[in-house]
2 protein chains.
Amino acid sequence: MTRNRFRAVAIALAAVLAAGVMARGERAQGERRLIIHADDLGMSHAVNRATFEALEHGWVTSASILVPCPWFPEVAAWAKKHQDADLGIHLAVNSEWTGFRWGPLSGRGAVPSLLDDQGYMALLEEGVVQRARPDEVEKELRAQIDFARTSGVNITHLDSHMATLFRTPELFAVYRKLADSYRLPQLIEVYGERGGAEAPPWLANAAKTALVDRVVSIDPGVAASDWLAAYKKMLEPLPPGTYQLIVHLGYDDEEMRGATWDHPNWGSAWRQSDFDLVKSAEFRDFLKAQKFTLVSWRELAKNKKTM
Amino acid sequence: MTRNRFRAVAIALAAVLAAGVMARGERAQGERRLIIHADDLGMSHAVNRATFEALEHGWVTSASILVPCPWFPEVAAWAKKHQDADLGIHLAVNSEWTGFRWGPLSGRGAVPSLLDDQGYMALLEEGVVQRARPDEVEKELRAQIDFARTSGVNITHLDSHMATLFRTPELFAVYRKLADSYRLPQLIEVYGERGGAEAPPWLANAAKTALVDRVVSIDPGVAASDWLAAYKKMLEPLPPGTYQLIVHLGYDDEEMRGATWDHPNWGSAWRQSDFDLVKSAEFRDFLKAQKFTLVSWRELAKNKKTM
């Protein structure tokens, strides 16, 4: 066996092995499917402006909405005019900024265990883990889904803001229950911390129903000038499979800087860098050259049903 | 009697008459006291930025806060560092913008009669008049005052966002009850639609307790270039008394334009014009030349107690 033939067989074998544990939505072996997903829609006008633009141009294929936020009505109005847009609910039990925050949609009196000392949803994931009652988490998250539906959003999927619902078996049970109850696909990974081999034992079983193999997203510590290079480095070596690339879009303006001033990570400049990335010709050319197939949650769910 | 002497006597008589029905806080006859009051603090980052700057420089003497809004935590943090700032509660049962809105602080389930079809506080005053139950109005407004106090705001007064609480005897009764219950001064006018001779009969009696003779504010229809002239024209002829000049401060930026895009009146450009006005040397020179005495609600209340 020549060295080249050995390499070809090894690659084929790796693809077969990968296909064996691939997400249920996956069909074409060797294909790399990518949801480009914008989180936090509804949070602020700067996030809405950037995300609407990205969805309208196809620079991202999906987004999920923070329903309790003040700019949700702008999202609802946009969603009514864009019924084909791929929009999920970014189920939220945290309100992480300092000077700009939100309370539970279902009301402070209805879900007191979701409040911190300042009367808003907890700043950090730990605040939820320590205090939130699962029945109140469920009540609040149902209110968010119901409110979005009533407001005219054609919901394609569910995911978890700050991944808080993956933090304990009880929170994850609520997340699973909501997907069953509303018959909506939800973000769970075959690999990665949201369900797979890297997850705690009580979470690992969930991988059987995952539509996504792995979530990929940029880590803190990258200079703005290295943004594109970091994304290329992250995406290029991915084996065949279905991926969700999470981006955080926004304009680096006064509103966004005011909201995120004490959060350099996932803050205003970060979101401008992500927005500049997805709209850049270089990034889109890279995705084409790498033969990524861009998909939405609606398409993943459809493929799953026809499997 | 010469023409000049007749004029002098007439002016003196007018001053005596004016003094007779003057607001209770008034002491020095002939003096014109002016609260320069910024409404809607907390609504957005653009409003907060402009209003903090104006309060810190003394360009305005007072402001009132929209507690249910997402940027309230920024106000609370600022208020803790500025305990002498004159800050009231802008009691809110309306959420008037289209794409950017707020629900009741006490929760949607707690005060359902305060919600419109979209699940937010009513867009217009009529929505409150038609649907709101007075007991739910009281519940919500107590929640707003209590939340601000708990958050560290040293509350100096109460007023009514969009003057909605002056629309019916039942709403006004709630407004009166809150001032009594919390022992806080509240905006009522001797003249004008908020309590005096121009008000409906059930409101007119309230003038006896008013600390302000009249609210003055710019009307729609003024070009930005005529802004200063319009304020001069409004303020110059005022007789001795105590006035509240209401201004709406903000920066005309993307956030503010996004929030107010379909409201040319009291919208983004309007707020920039008001902000430019209060910070201008010309306006401050005018106030000095006209011998207006700038006062705060805290000072008005103190004077009332020593009367």
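Draft legend 1. A look at the overall build of chain A. Each helix and strand in chain A was counted, giving 12 helices and seven strands. Split into buried and exposed, the 307 residues of chain A put 59% on the buried side. Sequence separation of at least 24 residues holds for 71% of the intrachain contacts in chain A that already meet a minimum separation of 6.

Draft legend 2. Layout of the relation of the copies chain B and chain A. Least-squares fitting of chain B to chain A yields an RMSD of 0.0 Å, with the transformation described by 0.0 Å of translation along the axis and a rotation of 180 degrees. Given the turn and translation reported, the copies of this chain are related as if by a two-fold rotation axis. Taking C-alpha positions as the reference, the residue of chain B nearest the rotation axis is Gly107 of chain B, at 1.8 Å. Taken together, the interface assignments show that 100% of the residues at the interface of chain B recur at the interface of chain A, consistent with an identical surface on both copies.

Draft legend 3. Inspection of the environment of Leu228 of chain B at higher detail. All names here are of chain B. With respect to the secondary-structure elements, Leu228 resides in helix α8 (residues 227-235). Counting along the chain gives 52 residues from Leu228 to Ser280, while the straight-line C-alpha distance between them is 9.2 Å. Non-local contacts of Leu228, meaning those with residues more than four positions away in its chain, are made with Leu277, Glu282 and Phe283.

Draft legend 4. Just the interface of chain B and chain A, in detail. Contacts between the two partners involve 23 residues from chain B and, on the opposite side, 23 residues from chain A. Across the chain B to chain A interface the summed buried area is about 2000 Å²; carbon plus sulfur atoms make up 59%. One can count two salt bridges joining chain B with chain A. A salt bridge links Arg49 of chain B to Glu254 of chain A, with the nearest nitrogen and oxygen atoms 3.6 Å apart. At the surface where chain B touches chain A, the tally comes to seven residue pairs in polar contact (both at pLDDT 80 or more).

Draft legend 5. Spotlight on helix α10 (residues 268-279) of chain A. All names here are of chain A. Taking 1.5 Å of rise per residue, the 12 residues of α10 would be expected to cover 16 Å, and the 17 Å separating its terminal C-alpha atoms lies within 8% of that figure. The buried fraction of α10 is high, at nine of 12 residues. Summarising the contacts, the buried residues of α10 are in contact with β1 (32-41), α2 (45-57), α8 (227-235), β6 (241-247), α9 (254-260) and α11 (281-289).

Draft legend 6. Structural view of the environment of Arg284 of chain A. Residue and element names in this part refer to chain A. Turning to its location among the elements, Arg284 is positioned in helix α11. Residue Arg284 is classed as partly exposed on the basis of its relative accessible area, which comes to 32%. Taking the C-alpha atoms as reference points, Arg284 and Trp59, 225 residues apart in sequence, are found 7.9 Å from one another. Excluding residues within four positions of it along the chain, Arg284 makes contact with Trp59, Val278 and Lys279.

Draft legend 7. Representation of the packing of helix α2 (residues 45-57) of chain B against helix α10 (residues 268-279) of chain B. Residue and element names in this part refer to chain B. Where α2 meets α10, the closest approach of the two axes is 11 Å, and the angle between their N-to-C directions is 15 degrees. By the angle class used here, α2 and α10 are roughly parallel. Of the two elements, α2 crosses α10, and the hand of that crossing is left-handed. Facing α2, whose interface residues are Val47, Ala50, Glu53 and Ala54, α10 presents Arg271, Phe275, Val278 and Lys279. Of the residues that constitute the contact of α2 with α10, the class distribution is five nonpolar, no polar and three charged.

Draft legend 8. Expanded view of the confidence of the model for chain A. Residues and elements named next belong to chain A. Taken as a whole, chain A shows an average pLDDT of 90; of its residues, 89% reach a score of 70 or greater. Below pLDDT 50 for its whole length, residues 1-20 participates in three contacts with residues either more than four positions away or in separate chains. For this predicted complex, the interface confidence score (ipTM) comes to 0.89, while the overall pTM stands at 0.90.

Draft legend 9. Fine view of the packing of α10 of chain A against α11 of chain A. Residues and elements named next belong to chain A. One way to put it is that α10 packs onto α11 with a least axis distance of 5 Å and a crossing angle of 55 degrees. Regarding the angle of α10 to α11, the classification is oblique. For the pair α10 and α11, the contacting residues are Leu277, Val278 and Lys279 in the first and Ala281, Phe283 and Arg284 in the second. Looking at side-chain class alone, the contact of α10 with α11 contains four nonpolar, no polar and two charged residues.

Draft legend 10. Structural view of the packing of aromatic side chains. Residue and element names in this part refer to chain B. Counted according to the given criterion, the structure contains 30 aromatic pairs over all chains. Taken together, a centroid distance of 6.1 Å and an interplanar angle of 50 degrees make the contact between Phe172 and Tyr175 tilted. With Phe172 and Tyr175 both in helix α6 (residues 169-182) and three residues apart, the pair spans about one turn of that helix. Residues Phe172 and Tyr175 agree in their burial class; the two are buried. Aromatic pair Phe283 and Phe286: ring centres 6.3 Å apart, planes at 25 degrees, arrangement stacked. Taken together, the residues span about one helical turn, with Phe283 and Phe286 both in helix α11 (residues 281-289) at a distance of three residues.

Reading the values: rules and limits
- Residues numbered from 1 in each chain as written.
- Chains lettered and ligands numbered in written order.
- Predicted model: local features only at pLDDT ≥ 70, side-chain atom pairs only at ≥ 80, totals over all residues.
- Heavy atoms only, no water.
- Helix = DSSP H or I, 4+ residues; strand = E, 2+ residues; numbered from the N terminus.
- Buried < 20%, exposed > 50% of the residue type's maximum accessible area, 1.4 Å probe, protein only.
- Contact = heavy atoms within 4.5 Å.
- Least-squares fit on C-alpha atoms with pLDDT ≥ 70 in both.
- Buried area = accessible area lost by both parts, 1.4 Å probe.
- Salt bridge = Lys/Arg side-chain N within 4 Å of Asp/Glu carboxyl O.
- Polar contact = N/O pair within 3.5 Å; in protein donor to acceptor, adjacent residues only side chain to side chain.
- Expected span 1.5 Å × (residues − 1).
- Axes fitted to C-alpha atoms, helices over the stretch in contact; angles between N-to-C directions.
- Parallel < 35°, antiparallel > 145°, perpendicular 65-115°, else oblique.
- Left-handed = near helix turned anticlockwise from the far one by under 90°.
- Nonpolar A, V, L, I, M, F, W, Y, C, P; charged D, E, K, R; others polar.
- pLDDT = per-residue confidence, 0-100.
- Phe/Tyr/Trp six-rings, centres within 6.5 Å; stacked < 30°, edge-to-face > 60°.

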